[in-house]
2 protein chains.
Amino acid sequence: MKSRSYHHGDLRHSLIEMGIELIEQEGEGALSLRKVAAKCGVSNAAPYAHFKNKDGFLIAIQQHIMDLFTASLEKAFEEYEDTDRSLPMLGKAYVMFFYQNPFYYDFLFSRKNISIKLSSDDPNNRDTPPLAILKKAAISIFRKAGSPEKMIQDKITAMWALVHGLSAITTMPNVEYDDSWELRIEEIIRSISIPYV
Amino acid sequence: MKSRSYHHGDLRHSLIEMGIELIEQEGEGALSLRKVAAKCGVSNAAPYAHFKNKDGFLIAIQQHIMDLFTASLEKAFEEYEDTDRSLPMLGKAYVMFFYQNPFYYDFLFSRKNISIKLSSDDPNNRDTPPLAILKKAAISIFRKAGSPEKMIQDKITAMWALVHGLSAITTMPNVEYDDSWELRIEEIIRSISIPYV
DNA sequence: ACAGGATCTTGACAGTGTTAAGATCGTGTG
DNA sequence: CACACGATCTTAACACTGTCAAGATCCTGT
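Residues numbered from 1 in each chain as written. Chains lettered and ligands numbered in written order. Predicted model: local features only at pLDDT ≥ 70, side-chain atom pairs only at ≥ 80, totals over all residues. Heavy atoms only, no water.

Draft legend 1. Here's a closer look at the overall build of chain A. Along chain A, the regular secondary structure elements total eight helices and zero strands. Mapped from its N terminus to its C terminus, chain A presents α and β elements in the order α-α-α-α-α-α-α-α. Taking all 197 residues of chain A together, the buried fraction comes to 51%. Within chain A, contacts between residues at least 6 apart in sequence are counted, and of these 63% link residues at least 24 apart. (Helix = DSSP H or I, 4+ residues; strand = E, 2+ residues; numbered from the N terminus. Buried < 20%, exposed > 50% of the residue type's maximum accessible area, 1.4 Å probe, protein only. Contact = heavy atoms within 4.5 Å.)

Structure below.
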């Protein structure tokens, strides 16, 4: 933590924080390793001691945002667990996380080449935490409602697509919303999920 | 069209085509104005006679892809007009367009700063053609089915979010699909839209 | 105490977007 | 038909970027 010594002390975290700050202020296009390094009072090549290259740095930021996303969904899951609103509220949390931080959505899903996976390709079907939480809640609800087992997969996918699509739409520039958008989100999700419950 | 003269003859179109080709071959990260110019046998600064800057070039590519998207939806709309499958099939066309060209999805929706709008912010509510077609078909179906007028807006948004979300999900890397994904798309859309029809 | 690894700096290179200045071409106007 | 003017293209340069090699500095375990 000493700031005047040769070694920074906490450079990795500082770089990530300053990187996010820079993107929020000037947009992702203005992000450069050199600028972030300068913001941390450190030289050009210093970041290369902590990240393989710029993509590695971006992936670290994505991971950081993904952790925030996970925490946000977990909180909503616990709050409404075993409630009749559990699924709509979880979906709303999914959408609101990005609605309130549009840059998070862009940054998490806009760079296909390096983006971390939401759904996994390993044979054990181990999804990323956010998706796993959503699926878990959905399965529970749909089973309880007596949905035919063979349709549950499609319903889960539909539920995921709905909230992900709402996230995409609500973070688009220049999309118009007549009413309070936040209130409508819950109704929209409910209008889809209710028939299943 | 003469290729050896000082003037290229059709540089603007060539740049766009070569740009798309380059992205498809080497990824969007490898796209540079200089490389595209070279591919067209033209010098560094030549593109600046046709586009204000790189963003202008990217916007032109987006516009080109948007035209393809519009044509694709219009075709599906005409094919299934006044059918009981019109809305699911239109939704499927929406998803399949991007599923079959994942790079189109990225390029159209991944760059918030410059992306052309799907929904418009002008008071006349004039949406972009693809969205307008989808809304038109949805309104017609929902009205015919006797949906309460004040819920139609939410249902349309849900429909849009569903197909847009499916597009996002199916173009993600490393998302696993057990069965033939194309067939499932129709069922997923139907499972949502049927209750309304 | 000190060797070795982690961290950081300096300096350099190739590639990029962009602009200014000027060369070449085509085309409408007299 | 001439020719001036605008559209198109080239050359040359600038600042900025990602990245790496070589070396300086610091920390930590033994």
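From this point on, the discussion continues.
Draft legend 2. Structural detail: helix H7 (residues 149-170) of chain A. Spanning 22 residues, H7 of chain A covers 32 Å between terminal C-alpha atoms, matching the ideal 32 Å at 1.5 Å per step. Burial analysis of H7 of chain A places 18 of its 22 residues in the buried class, the great majority of the element. (Expected span 1.5 Å × (residues − 1).)

Draft legend 3. Spotlight on the nonpolar core. If you look at the biggest cluster of nonpolar residues, it comprises 124 residues, and the most contacted ones within it are Phe 57 of chain A together with Phe 57 of chain B. Those residues in contact with Phe 57 of chain B that lie beyond four places of it in its chain are Leu 15, Ile 16, Gly 19, Leu 31, Leu 33, Val 36 and Phe 51 of chain B. (Core = buried A, V, L, I, M, F, W, Y, C linked by side-chain atoms within 4.5 Å.)

Draft legend 4. Expanded view of the domain arrangement of chain A. Residue and element names in this part refer to chain A. Domain boundaries assigned for chain A yield domain 1 (11-51) and domain 2 (64-191). Look at where the C-alpha atoms of domain 1 and domain 2 centre, and you get two points 30 Å apart. The partner domain 2 presents five residues to the five residues of domain 1 that form the contact. For domain 1, the biggest contributors to the area lost against domain 2 are Ile 20, Ile 23 and Glu 28; these three give 73% of the whole. Counting every contact that joins domain 1 to domain 2 gives zero residue pairs in polar contact (both at pLDDT 80 or more). Taken together, the residues that form the side of domain 1 that touches domain 2 break down as three nonpolar, no polar and two charged. (Domains from an automatic or database assignment. Buried area = accessible area lost by both parts, 1.4 Å probe. Polar contact = N/O pair within 3.5 Å; in protein donor to acceptor, adjacent residues only side chain to side chain. Nonpolar A, V, L, I, M, F, W, Y, C, P; charged D, E, K, R; others polar.)

Draft legend 5. Structural view of the pattern of salt bridges. This structure, assessed with the given rule, holds 12 salt bridges over all chains. Between Asp 154 of chain A and Arg 184 of chain B there is a salt bridge, with its nearest N and O atoms 2.8 Å apart. Of this pair, Asp 154 of chain A sits in helix H7 while Arg 184 of chain B is found in helix H8 (residues 181-193), placing the two residues in two different chains. Each member of the pair Asp 154 of chain A and Arg 184 of chain B is classed as buried. For Arg 143 of chain B, the salt bridge is made with Glu 149 of chain B, and the minimal N-O distance between the two is 2.7 Å. In this structure, a network of salt bridges that share partners links the residues Arg 85, Lys 92 and Glu 186 of chain A. (Salt bridge = Lys/Arg side-chain N within 4 Å of Asp/Glu carboxyl O.)

Draft legend 6. Summary view of the protein's contact with DNA strand D. If you check the shell around DNA strand D, you find 22 residues, and the closest are Arg 34 and Lys 54 of chain A together with His 8, Ser 43 and His 50 of chain B. Across the atoms of DNA strand D situated within 4 Å of the protein, the share located in sugar and phosphate is 59%. Leu 33 of chain A is positioned such that a nitrogen or oxygen atom in its backbone is 3.0 Å from a phosphate oxygen of DNA strand D. Lys 54 of chain A is positioned with one of its backbone polar atoms (N or O) 2.7 Å from a phosphate oxygen of DNA strand D. Tallied by class, the residues present in the surface near DNA strand D amount to nine nonpolar, eight polar and five charged. (Near = heavy atom within 4 Å.)

Draft legend 7. Layout of the packing of aromatic side chains. Using the criterion set out here, one finds 24 aromatic pairs over all chains in the structure. Here the aromatic cluster, defined as three or more aromatic residues joined through ring pairs, consists of Phe 69, Tyr 94, Phe 97, Phe 98, Phe 103, Tyr 104, Tyr 105, Phe 107 and Phe 109 of chain A. (Phe/Tyr/Trp six-rings, centres within 6.5 Å; stacked < 30°, edge-to-face > 60°.)

Draft legend 8. Quick look at the packing of helix H3 (residues 54-80) of chain B against helix H5 (residues 102-109) of chain B. All names here are of chain B. Orientation of H3 relative to H5, taken along the N-to-C sense of each, is 125°, at an axis distance of 10 Å. For the element pair H3 / H5, the angle class is oblique. With respect to the hand of their crossing, H3 and H5 are arranged in left-handed fashion. Taking contact as the criterion, the partners of Leu 58, Ile 61, Gln 62, Ile 65, Met 66 and Leu 68 in H3 are, on H5, Phe 103, Tyr 104, Phe 107 and Leu 108. (Axes fitted to C-alpha atoms, helices over the stretch in contact; angles between N-to-C directions. Parallel < 35°, antiparallel > 145°, perpendicular 65-115°, else oblique. Left-handed = near helix turned anticlockwise from the far one by under 90°.)

Draft legend 9. Inspection of empty space enclosed by the protein at higher detail. Counted according to the given criterion, the structure contains four cavities of 30 Å³ or more. Of the pockets and cavities examined, the largest cavity occupies roughly 310 Å³. Taken together, 28 residues line the largest cavity, and the ones lying closest to its centre are Tyr 105 and Phe 109 of chain A together with Tyr 105, Phe 109 and Ser 110 of chain B. For the lining of the largest cavity, the elements supplying multiple residues, two or more each, are helix H5 (102-109) and H7 of chain A together with H5 and helix H7 (149-170) of chain B. Element by element, the count of residues in the lining of the largest cavity is highest for H5 of chain B, at four residues. Of the residues belonging to the lining of the largest cavity, the class tally is 15 nonpolar, seven polar and six charged. (1 Å grid on protein atoms, 1.4 Å probe; cavity = no way out; pocket = protein on both sides within 12 Å on 5 of 7 lines; lining within 4 Å. Points joined across faces, edges and corners; volume = space filled by probe spheres on them.)

Draft legend 10. Representation of the layout of surface pockets. Estimated volume of the largest pocket: approximately 1100 Å³. Grouping the constituent residues of the lining of the largest pocket by class yields 11 nonpolar, eight polar and 14 charged.

Draft legend 11. View of the environment of Leu 134 of chain B. Residue and element names in this part refer to chain B. Among the structural elements, Leu 134 can be located in helix H6 (residues 129-144). Here the alpha-carbon distance between Leu 134 and Leu 90, two residues 44 residues apart in the chain, equals 7.0 Å. Discounting residues that sit within four places of it in the chain, Leu 134 has contacts with Leu 90, Tyr 94, Trp 160 and Val 163.

Draft legend 12. The arrangement of the environment of Leu 162 of chain B in detail. All names here are of chain B. Assignment of secondary structure puts Leu 162 in helix H7. Looking at Leu 162, the relative accessible area reads 1%, which means it is buried. With 137 residues separating them along the chain, Leu 162 and Gln 25 place their C-alpha atoms 30 Å apart.

Draft legend 13. Molecular detail of the side chain of Thr 170 of chain A. Residues and elements named next belong to chain A. Along the chain, Thr 170 turns up in helix H7. Taking the relative accessible area as the measure of exposure, Thr 170 reaches 6% and is therefore buried. Polar side-chain contacts of Thr 170 include one of 2.8 Å to the backbone oxygen of Leu 166. In terms of polar contacts, Thr 170 uses its side chain to reach the backbone carbonyl oxygen of Ser 167, at 3.3 Å.

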